[in-house]
Amino acid sequence: MATKWINMTANMMVEDVNQTVDFYRDLLGFEVMMSVPESGKLNWAMVKHGNVELMFEAIPAMVDDFPHLSGQKPAATISFYIHVEALDELHRHLQASNVKIIRDISTTAYGAREFVALDCNGYILNFSQAQA
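Residues numbered from 1 in each chain as written. Predicted model: local features only at pLDDT ≥ 70, side-chain atom pairs only at ≥ 80, totals over all residues. Heavy atoms only, no water.

**Remarks on the pairing of strand S8 (residues 124-130)**
- Relative to S8, strand S5 (residues 79-83) runs parallel, the two sharing 5 bridges. Bridging from a neighbouring strand, Phe 80 pairs with Leu 125 of S8.
- As judged from the 7 bridges shared by strand S7 (residues 112-118) and S8, these two strands associate in the antiparallel manner. Residue pairing across strands places Arg 113 opposite Gln 129, the latter belonging to S8.
- In textbook terms, the turn of a hairpin is the stretch between consecutive antiparallel strands, and for S7 and S8 this stretch comprises 5 residues, one of which, Gly 122, has a positive phi near 95 degrees. (Pairing = 2+ DSSP bridges. Helix = DSSP H or I, 4+ residues; strand = E, 2+ residues; numbered from the N terminus.)

Structural data, given as structure tokens:
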């Protein structure tokens, strides 16, 4: 295949784009890159932190684009694996912010330190830091 892949960004269906942007901006330090307002609320937004980009799309807009999603709720059968620095600091910050931590900090068989949290939509965020 001659196609060169450049990058990939997740576009996540969410209940409330404004609430989701607030979570990622205020709790995780993401910057809002673009957004599409509709009737005073955001319909779609893209956020970025370092090399990590995510897009969030309101259910009605996502269903307009992909009708087979009609009746579906936001959910993930995947986890977002995010390499970070200062893992302990991030863990303390999220705990203090009452973010649901579903797996506390532990060291994996492959030597990374990790913890897992849920975002405000229930998406799985697996934060990882390589051991020095």
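Now that the structure has been shown, the text picks up again.
**What about the sheet that holds strand S3 (residues 41-49)?**
- The strand order across the open sheet built from 4 strands is S1-S4-S3-S2, with neighbouring strands paired in mixed fashion. Strands at the two margins of the open sheet, each flanked by one partner only, are strand S1 (10-14) and strand S2 (31-38). Strand-to-strand twist in this sheet, taken as the mean axis angle between neighbours without regard to direction, amounts to 20 degrees.
- Strand direction decides the pairing type here: S1 and strand S4 (residues 52-58), joined by 5 bridges, are parallel. The residue of S4 that forms the bridge with Met 12 is Phe 56.
- Across the sheet, helix H1 (residues 17-27) lies against S1, S2, S3 and S4, angled at about 20 degrees from S3, the strand it touches most. (Axes fitted to C-alpha atoms, helices over the stretch in contact; angles between N-to-C directions. Contact = heavy atoms within 4.5 Å.)

Purely geometric numbers; function is a separate question.
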